[in-house]
Amino acid sequence: MNYKPVQILSLGMSVPDTVITNDDLTKILDTSDEWISTRTGIKQRHIANGNENSTLFGVNAALDAMKKSGIEGIEVDAIIVASSNPYNIYPSTACVIQDAIGAKNAIAFDITVACTGMIYALEIGRSMIATGKYKNVLLVATDTNSKFLDWTDRGSCVLFGDGAGAILISKAQDGVDDILALNVNANGSMGKFITMNLTGDNCPLVEPATEGCHKITMNGKEVYKFVVQTMPESIMKCLEDAKLEPKDVDYLVPHQANLRIIEGLQNRLEFSDDKVIVNIDKYGNTSAASVPIVLTEGIQSGKIKTPSVAILCAFGAGMAWGSAVVRLREGLK
Ligand code: UT7
């Protein structure tokens, strides 16, 4: 096949205005700023209010990326939305975004890969562009975890926040590929360690309605052990595929799940602090939105300079995980 290279055109993000600090959480939980900060690096998170949902933030992140790209909605060929807690199962969030940005020529669908959603979306989107059939593909990741947390479980609810991020990719006109390497993985045998069930109710003629449990559960210790083993391997494999050494890379832009996990990756890569992009202190773990939010904010704040090469990486429920080595072109916003 005559592979079509991919350009990363623009980025976008959107988060709720409402901020909940660690101290706020002590009003409803037996916890402390000291415990949360030292174990995770989180100081606060943005949380949706009653009128806000994943669709709203997804639309806003998509509009942000579209505005910066110079591409009209009508020119978008596909929209892929990664979300583990969409407001609707259908219409899909992608279809709502299609309407909101006027992308009436685009196919639109959602995927569920929890925190690794954006890396999977990038794999699917770039494969679609590679075929030559699709030119502009909008990737959006949006999660409002706060609506599905068990707010009595201090081991999980303090970790997550809400928000959305977007990446618009396109067939590279100059033939230069911005995706230097990308790998995604899954291990379903580890699925029990992070769950969110949508049990539904049986037909009443079959058996009485049961109480469903639609809350996130997590065995943090098992997830931690799994991640510190697999994530460095995934990153090193990706670098090898890209024929690069860690020293050839400018930035690590990791999933923001736990500062200790990020520091472990930093040590493995022997990166100085300025090469590791972190905003977990402000947003907590925003699941699939985490990587595009930290990437967008890193560029906006000037922490990430362009042109440069960055490692994106994420892991989460499934278990699923993945890494990408990408080129961030001069002027990317
Ligand atoms: O994107 C999804 C991927 N998820 C992750 O990456 C999560 C990975 N795991 C982690 O980040 C860590 O395992 C946690 C931050 C979730 C937990 O840290 P830990 O060091 O593994 O703590 P632990 O679960 O072993 O709990 C230690 C203690 C326990 O008390 P005892 O039994 O020692 O008395 C917990 O009950 O800390 C207690 N604890 C808390 N205390 C205050 C748990 N949560 C809290 C809390 N505040 N929020």
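Residues numbered from 1 in each chain as written. Predicted model: local features only at pLDDT ≥ 70, side-chain atom pairs only at ≥ 80, totals over all residues. Heavy atoms only, no water.

Participant: So what exactly am I meant to see when it comes to the sheet that holds strand E7 (residues 162–171) here?
Facilitator: A sheet is described by the order of its strands in space; here five strands give the open sequence E1-E7-E6-E4-E5, paired in mixed fashion. Every interior strand has two partners, whereas the edge strands, strand E1 (6–14) and strand E5 (107–111), have only one. Between one strand axis and the next, the sheet turns by 15° as a mean value, whatever way the strands run. Sheet topology places E1 next to E7; eight bridges connect them, and they run antiparallel. Its bridge partner being in E7, Gly12 is matched across the sheet by Ala166. Against the sheet, helix H3 (residues 54–69) engages E1, strand E6 (136–144) and E7, with an angle of about 135° to E1. (Pairing = 2+ DSSP bridges. Helix = DSSP H or I, 4+ residues; strand = E, 2+ residues; numbered from the N terminus. Axes fitted to C-alpha atoms, helices over the stretch in contact; angles between N-to-C directions. Contact = heavy atoms within 4.5 Å.)

Participant: Is there a simple way to explain the site of the ligand in this structure?
Facilitator: In the vicinity of the ligand, 23 residues are found, and the nearest of them are Thr31, Arg39, Lys221, Asn258 and Asn285. Interatomic distance of 2.6 Å between a side-chain N/O atom of Thr31 and a nitrogen atom of the ligand. The separation between an oxygen atom of the ligand and a polar side-chain atom of Arg260 is 3.4 Å. Across the complex, the protein chains shield 73% of the 960 Å² of accessible surface that the ligand would expose by itself. A class-by-class count of the residues in the shell around the ligand yields 11 nonpolar, seven polar and five charged. (Near = heavy atom within 4 Å. Polar contact = N/O pair within 3.5 Å; in protein donor to acceptor, adjacent residues only side chain to side chain. Areas by Shrake-Rupley, 256 points an atom, 1.4 Å probe, with all protein chains shown as cover. Nonpolar A, V, L, I, M, F, W, Y, C, P; charged D, E, K, R; others polar.)

Participant: Quick question: what am I supposed to make of the packing of aromatic side chains here?
Facilitator: We describe a pair of aromatic rings using the distance from one ring centre to the other and the angle between the two ring planes. Applying the stated criterion across every chain yields a total of one aromatic pair. The ring of Phe271 is capped by Lys275, whose NZ or CZ atom sits 4.1 Å from the centre of that ring. (Phe/Tyr/Trp six-rings, centres within 6.5 Å; stacked < 30°, edge-to-face > 60°. Lys NZ or Arg CZ within 6 Å of the ring centre and 35° of its normal.)

Participant: Is there a simple way to explain the side chain of Thr142 in this structure?
Facilitator: Tracing the sequence through the fold places Thr142 in strand E6. Apart from residues lying up to four places away in sequence, Thr142 is in contact with Ser54, Phe57, Gly58, Val81, Ala82, Ser83, Ser84, Asn85, Thr93, Gly163 and Ala164.

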